[in-house]
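Structural features, examined
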Amino acid sequence: ECPGTGSAQAGRAAACQGCPNQGLCAAGAAGPDPAEAAELRARLRAVRHTVLVLSGKGGVGKSTFSALLAHGLAADETKQVALLDIDICGPSIPKMMGLEGEQVHQSGSGWSPVYVEENLGVMSVGFLLSSPDDAVIWRGPKKNGLIKQFLRDVDWGEVDYLIVDTPPGTSDEHLSIVQYLSATHIDGAVIVTTPQEVSLQDVRKEINFCRKVKLPIIGVVENMSGFVCPKCKNESQIFPPTTGGAEKMCQNLNVSFLGKVPLDPQIGKSCDRGQSFLAEAPESPATLSYRNIIQRIQEYCEQRRLQEEKIM
């Protein structure tokens, strides 16, 4: 069993052998030092809720979900929303948010996010590249340094929801973001999967990761869950749930199941154009599913905030 990132045996125990984060933990880099923690708290003190979006494997629609979650939350003009893309090697958020070619600007208070709307700001390594085709070929320490910089040096301002889009898996980026945010406040993680067992296998690893690093799990979303033909209305299972799908897995692992999002070709088209699918197809079954899931995430965050205030 993982001894935990805060343990004196972190990176040194027998269970750590073969872990991709072993070197990071053994070097004592498992969390920010007191000075860094104070900086992070100061910068993020006005962030009310922080939600990580995770996936066990690539290609399940995690970044699409992150983008639409941000759009859905920002539909309420009274809410300020920020979307942070820490998928360092595959930053797709600028394209999906219609911000390709934009650059980050520096001010006296730090880096300024790039805004889609007045109440929706975005930060991504994609804004730091000279071309969308540039490859980011970095080792772990440099990735971790950029993640820290995004949290510490970006002028997020007053934010109701900070959504963090992460790369697939359980690697340096995930460990770093959890450790840095441990100095502040984090509501939990939403895990995105598709119905087939090959995807659920990796989601179980993701759930195990969350439990080991004490990251609360808001719930699991089953993406690409069936396809309804717009002409004949027959439903097809593109990714058959051979072991019962995400809902059964959640029951077995005692994790909340947030809902299913059906396939809709319009989602991909909207993302390619950098538009909000929720606004372009308000009557789509996928849009209705997204709205229900977003509402459940909001309810979870508010309940968690109330619980924390009672404890304090």
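Residues numbered from 1 in each chain as written. Predicted model: local features only at pLDDT ≥ 70, side-chain atom pairs only at ≥ 80, totals over all residues. Heavy atoms only, no water.

Examining the overall build of the protein chain
A count of helical and extended segments in the protein chain gives eleven helices and twelve strands. C-alpha atoms of the protein chain, sized along the principal axes, occupy 60 × 45 × 45 Å. Counting over 312 residues, the protein chain shows a buried share of 51%. Taking the intrachain contacts of the protein chain between residues at least 6 apart in sequence as the baseline, contacts between residues at least 24 apart amount to 76%. Summed over all atoms, the accessible surface of the protein chain reaches about 14,600 Å², with 49% contributed by carbon and sulfur. (Helix = DSSP H or I, 4+ residues; strand = E, 2+ residues; numbered from the N terminus. Buried < 20%, exposed > 50% of the residue type's maximum accessible area, 1.4 Å probe, protein only. Contact = heavy atoms within 4.5 Å. Areas by Shrake-Rupley, 256 points an atom, 1.4 Å probe, with all protein chains shown as cover.)

Quick notes on the pairing of strand E7 (residues 159-165)
Counting buried positions along E7 yields seven of seven residues, so the element is predominantly enclosed. Where strand E2 (residues 81-85) and E7 come together, five bridges link them in parallel fashion. In the strand pairing of E7, Ala-82 is matched with Leu-162. (Pairing = 2+ DSSP bridges.)

Some points on unusual backbone geometry
Despite not being glycine, Lys-214 shows a phi value in the positive range, around 60 degrees. Looking at the element boundaries, Lys-214 is found in the loop between helix H7 (197-212) and strand E9 (217-222). What makes Lys-214 exposed here is its relative accessible area of 71%. For Met-224, which is not glycine, the phi dihedral falls at a positive 55 degrees. Counting through the fold element by element, Met-224 comes out in the loop between E9 and strand E10 (227-228). What makes Met-224 buried here is its relative accessible area of 16%.

Some words on the UniProt feature "domain: AAA+ ATPase" (unreviewed entry) in the protein chain
According to UniProt, the "domain: AAA+ ATPase" (unreviewed entry) feature falls on residues 48-219. Segment residues 48-219 splits into 33% helix and 26% strand. End C-alpha atoms: 19 Å apart. (UniProt positions renumbered as here; feature names shortened; annotations may be inferred.)

Some thoughts on the pattern of salt bridges
Using the criterion set out here, one finds eleven salt bridges in the structure. The salt bridge partner of Asp-153 is Arg-152, with a shortest N-O separation of 3.0 Å. Since its relative accessible area comes to 22%, Asp-153 is described here as partly exposed. With a closest N to O distance of 3.5 Å, Arg-304 and Glu-308 form a salt bridge. Here Glu-308 and Arg-304 lie together in helix H11 (residues 285-311), a separation of four residues that amounts to about one turn. For Arg-304, a relative accessible area of 22% puts it in the partly exposed group. Sharing partners across several salt bridges, the network here consists of Lys-57, Asp-202 and Lys-205. (Salt bridge = Lys/Arg side-chain N within 4 Å of Asp/Glu carboxyl O.)

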